[in-house]
Amino acid sequence: DFKCKVLVVGGGTGGCSIAAKLTSKLGTNSVIIVEPNDSHYYQPMFTMIGGGMKTLRESNYAMKTVLPKGATWLKGRVTLFDPINGIVQTENGSKIDYDVLVLALGMELRYEKIPGLQEALDMPNSNVTSIYSPKYVERHYEVLQKFDKGNIIFTFPASPVKCPGAPQKICYITEDYLRRKNKRQDAKIIYNTALPVIFGVKYFADALWKVVKKRDIEVNTSLNLIQVIPEKNIAVFQNVTKPEEKLSIEYSILHAVPPQVPPKVLSECKDLTNDAGFVNVHKDYLQHIKFANIFAIGDCSSSPNSKTMAAIASQSNVVCHNIMTFLNGTSEQITYDGYASCPLVTGYDKCIMAEFDYDLKPKETFPFAQNVERFSMFLMKRDVLPLLYWKLMLSGRWNGPEFMRKIFSIVKFNKQQ
Ligand code: FAD
Ligand code: UQ1
C-alpha cells in the first residue's frame, strides 16, 4: 500500500500538468499519479487529423515520457473512492492514502448510448466517422478522399461534450476540402446540433452564422441524433423541443459525436459528485464543497466552464495555488474566472480564436477583433499550440495566455492615447 502528500488520479491533460506543478513545488516523491494508459494524446490535434493536416502518430507520446520525473506513476485504474476515510483503491488491490487528492479523470466517450452507432462505426468499410476517438479519427479523412456524392451529416449530442467547437470545426474543414477538390457541388452539408444555438457565446456565434451562410452549410438547432441504421445509411434525429417530431436522413458520410459522461467510478461515489456525476467543486476555488482536501481539474469537474485544454491551463494555476494554501494552512485562495478558449478552425487556412469566461463574455488576448477568420490564428492552432502543450503545459509552465493579454492591453492603451 502507498502513502503520499498529493494523489493525482488521471494522467491526461489536467493530471499531468498539475502533477508537474506540484512536484516542482513539493519535491521528488511527494506526488503519486494513477493512470492506466500507456499513451498520452494531444486531443486538439484530432480535428486536424480529420482534415489530413496531421497524423495520428504526431498526436501522442508514451505516457512515461510525459509524466513528471519526480512523481511516482502507478499504472492502473482507480476502482473505489472513499473520501470520508481519505483512501483510494486501485484495480490491482492497492490502497493509497493521501493528504490531498486531485481528480482529473476526464470524460468517457459513450457511442453505445445511441442505438446503432457503435455497430455503424465497427462495420467493415464504414462511412461513419468520429474525430473524438483515436480509434476512428483517421477514418474521416479516408472516407472524405473517396467521397462521390450525397449528404454529409455532422452531429452534436444532447449531453456535455469536451471542446464544444470541435463538432463544427470538422464540418468546416470538410466543406473546405470539397471546395478545393472541386467536389463541393456534389455534397449537401448538414450540421444538426441538439443545442438551441450554434455556439454559446453570442459574439462568436454571430460570426459562425455568417460562415455557414456564406459556405452554404445547412444548420439545424435542437436536432439530436437518436439512432443510426447502418445497413440503410440512415441517421434518425429527434427534435428536442418537440419529442414526437422525428426525421430520418440518408447519409453518404456521417460524422458522429458521442455522448460523454464522467467515469462511472466517480458517479458511483455520491459523496464526491453532483447528479450528473461531475466532481462537486466550488466554481471559483475548484475545491470540493464537502472535502477541503479534494480538488478537481479538467473535464470531470462540475465547474460550469467550456470543457477545454485552454480552461485547464488557467485552472492548473488556481488548483496548484489553492492546494499550497491548504497544505500551508494559510487562507489566501485565488479564483478561476471560467476562462476557456476554442480555436474554431473554419478551413485549411483560417480560424476564429474564441476566448471567453463563465459569463460567456469574450475575453480576447490579442490586440485585434477575434470574431473574424484569420490565417495567423490558424497557424497558432496548427503549429504553435501543440509545441506549447508538449513543452510548456505538460511540464507545468503554461497558465494560459493571461500574461500576453496584459502585455497587449498596454499596447492597446498606448494606441488609444
Ligand atoms: P483527459 O485528458 O481525457 O484525461 C483523463 C485521464 O484520466 C485519461 O488519461 C484516463 O485514462 C484517466 N482515467 C480515467 N479513468 C480513470 C481511473 N478510473 N483511474 C485512473 N485514471 C483514469 N481543447 C482546447 O483547449 N482546444 C482545442 O482545440 C481542443 N480540441 C479538441 C478536439 C477534440 C476532437 C477533442 C476530443 C478534445 C479537444 N479539446 C480541446 C479538449 C481537451 O482535449 C480536453 O478538454 C482535455 O484533454 C481534458 O483533459 P482532462 O485531463 O480533463 O481529461
Ligand atoms: C490554450 O492555452 C490551450 O492550452 C494549451 C489550448 O489548447 C490546445 C488552446 O487551444 C488555446 C486556444 C489556448 C489559449 C491560447 C492562446 C494563445 C489564445
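What counts, and where the lines are drawn
- Residues numbered from 1 in each chain as written.
- Chains lettered and ligands numbered in written order.
- Predicted model: local features only at pLDDT ≥ 70, side-chain atom pairs only at ≥ 80, totals over all residues.
- Heavy atoms only, no water.
- Domains from an automatic or database assignment.
- Buried area = accessible area lost by both parts, 1.4 Å probe.
- Helix = DSSP H or I, 4+ residues; strand = E, 2+ residues; numbered from the N terminus.
- Contact = heavy atoms within 4.5 Å.
- Pairing = 2+ DSSP bridges.
- Axes fitted to C-alpha atoms, helices over the stretch in contact; angles between N-to-C directions.
- Salt bridge = Lys/Arg side-chain N within 4 Å of Asp/Glu carboxyl O.
- Buried < 20%, exposed > 50% of the residue type's maximum accessible area, 1.4 Å probe, protein only.
- 1 Å grid on protein atoms, 1.4 Å probe; cavity = no way out; pocket = protein on both sides within 12 Å on 5 of 7 lines; lining within 4 Å.
- Points joined across faces, edges and corners; volume = space filled by probe spheres on them.
- Nonpolar A, V, L, I, M, F, W, Y, C, P; charged D, E, K, R; others polar.
- Near = heavy atom within 4 Å.
- Polar contact = N/O pair within 3.5 Å; in protein donor to acceptor, adjacent residues only side chain to side chain.
- Areas by Shrake-Rupley, 256 points an atom, 1.4 Å probe, with all protein chains shown as cover.

Bringing the domain arrangement of the protein chain into the picture now. Per the domain assignment, the segments of the protein chain are domain 1 (2-108 + 261-328), domain 2 (109-260) and domain 3 (340-416). One C-alpha centre belongs to domain 1, the other to domain 3, and the line joining them spans 25 Å. Of the roughly 2100 Å² buried between domain 1 and domain 3 on both sides combined, carbon and sulfur atoms contribute 68%. Contact with domain 3 buries area across many residues of domain 1, yet Y42, M48 and M53 alone supply 24% of it, more than any other trio.

Here the focus is the environment of V281. Among the secondary structure elements, V281 is positioned in the loop between α8 (264-267) and β19 (294-296). C-alpha separation for the pair V281 and I297, spaced 16 residues apart in sequence, amounts to 9.5 Å. Not counting residues within four places of it along the chain, the set of residues in contact with V281 comprises L286, Q287, H288, I289, A296, S301, S302 and S303.

Turning to the sheet that holds strand β12 (residues 187-193), a few remarks are in order. The strand order β10-β17-β11-β12-β13 describes an open sheet built from five strands, whose pairing is parallel. Single-partner strands in this sheet number two, and they are β10 (128-129) and β13 (218-220). By the bridge criterion, three bridges tie β12 to β13 in an arrangement that is parallel. Considered in β13, the bridge of N192 is made with N220. Of the strands in this sheet, β11 (150-156), β12 and β17 (253-255) are in contact with helix α6 (residues 166-180), which crosses β11 at around 160°.

Attention shifts here to the pattern of salt bridges. Pairing is possible between side chains of opposite charge, provided their charged atoms come close. This model, assessed by the stated rule, comprises 22 salt bridges. Put simply, D38 and K75 hold a salt bridge, and the shortest N to O gap is 3.6 Å. A residue pair is termed long-range when its members are at least 10 positions apart, and D38 in the loop between β2 (31-35) and β3 (39-41) and K75 in strand β5 (residues 72-75) qualify at 37 residues. We note a salt bridge from R405 to E402, for which the minimum N-O separation is 2.7 Å. Remark: E402 and R405 occur in helix α11 (residues 402-416); sequence separation between them is three residues, near one turn of the helix.

Glancing now at the side chain of S306. By the secondary structure assignment, S306 is in the loop between β19 and α9 (309-328). Discounting residues that sit within four places of it in the chain, S306 has contacts with P164, A311, A340 and F356.

Let's shift gears to the pairing of β11. In terms of burial, β11 is a largely internal element, six of the seven residues being buried. In the sheet, β11 pairs with β12 via seven bridges, with the strands oriented parallel. Bridged to I152 within β12 is I189. Here β11 pairs with β17 via three bridges, running parallel. Along β17, the bridge assignment pairs F154 with H255.

What follows covers the layout of surface pockets. Summary: where empty space remains is shown by rolling a probe the size of a single water molecule over the atoms. In this structure, the second largest pocket spans a volume of roughly 510 Å³. Here the lining of the second largest pocket is built from residues that sort into 14 nonpolar, 10 polar and two charged.

With that settled, consider the site of ligand 2. In the region of ligand 2, 16 residues are neighbours, and Y42, M309, S341, P343 and W398 sit closest. Between ligand 2 and the protein, one listed contact pairs an oxygen atom with a side-chain N or O atom of W398 at 2.9 Å. Summarising the interface, the protein chains cover 98% of the accessible area of ligand 2, which totals 440 Å² for the free molecule. By residue number, the principal contributor to the shell around ligand 2 is helix α10 (residues 375-393), which donates four residues. Class assignment of the residues belonging to the shell around ligand 2 gives a composition of 14 nonpolar, one polar and one charged.

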